[in-house]
Amino acid sequence: MDKKTAAAKNTMSRIEIDQDGQTAYLQFELDNSGWMTIWHTEVPEPLRGRGLATELAKAAFDYAKTNDLRVDVICPLALHYLEQHPDLKPLIGKPAR
């Protein structure tokens, strides 16, 4: 892979919360154009009902705001969080294709 190809590569990342020996996480992808795609949130069954998914979504949108990123949301849980926080809608948009 040459340097030009490597520089264009997207980066997958996770925000995690460890609790009671288990990990809840939100998976997102960053690209070189200032976009964050929120793909998936997973909370293990024993950790559900504690608000961890909400904490993960908040952390993801806070990260986007802090880093001046535009956000594309695929994850239904993150979409629900967005509906509850209309002040975040300016972060949302679709990249030009």
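The rules we used
- Residues numbered from 1 in each chain as written.
- Predicted model: local features only at pLDDT ≥ 70, side-chain atom pairs only at ≥ 80, totals over all residues.
- Heavy atoms only, no water.
- Pairing = 2+ DSSP bridges.
- Helix = DSSP H or I, 4+ residues; strand = E, 2+ residues; numbered from the N terminus.
- pLDDT = per-residue confidence, 0-100.
- Buried < 20%, exposed > 50% of the residue type's maximum accessible area, 1.4 Å probe, protein only.
- Contact = heavy atoms within 4.5 Å.
- Core = buried A, V, L, I, M, F, W, Y, C linked by side-chain atoms within 4.5 Å.

Peer 1: Any chance you could explain the pairing of strand β1 (residues 11-19) here in plain terms?
Peer 2: Sheet topology places β1 next to strand β2 (residues 22-30); 9 bridges connect them, and they run antiparallel. Residue pairing for β2: Gln-19 is matched across the bridge by Gln-22. Between the antiparallel neighbours β1 and β2 lie 2 residues, among them Asp-20 with a positive phi of about 50°.

Peer 1: How should the confidence of the model for the protein chain be read in this particular structure?
Peer 2: The predicted coordinates ought not to be read in detail in places where the model reports low pLDDT. For the protein chain, mean pLDDT is 90; residues scoring 70 or higher make up 88% of the total. Looking at the elements of the protein chain, mean pLDDT is at its lowest for helix α1 (residues 3-8), recorded as 48, and at its highest for β2, recorded as 98.

Peer 1: Where do I start with the environment of Met-12 in this structure?
Peer 2: For Met-12, the position within the fold is in strand β1. Judged by relative accessible area, which is 42%, Met-12 ranks as partly exposed. Sequence separation between Met-12 and Thr-37 is 25 residues; the distance between their C-alpha atoms is 9.2 Å. Apart from the residues within four sequence positions on either side, Met-12 is in contact with Gln-27, Phe-28, Glu-29 and Trp-39.

Peer 1: Sorry if this is basic, but what is going on with the nonpolar core here?
Peer 2: A general feature of soluble globular proteins is that nonpolar side chains tend to end up buried together. Met-36, Ile-38, Phe-61 and Val-71 are the most contacted members of the largest nonpolar core, which totals 26 residues. Of all the secondary structure elements, the ones that give two or more residues to this core are β1, β2, β3 (35-42), α2 (52-66), β4 (70-73) and α3 (76-84). Here this core gets 7 residues from one element, more than from any other, and that element is α2. Ile-38 has contacts with Leu-26, Gln-27, Phe-28, Ala-60, Phe-61, Val-71, Asp-72, Val-73, Ile-74, Cys-75 and Ala-78, leaving out every residue within four places of it along the chain.

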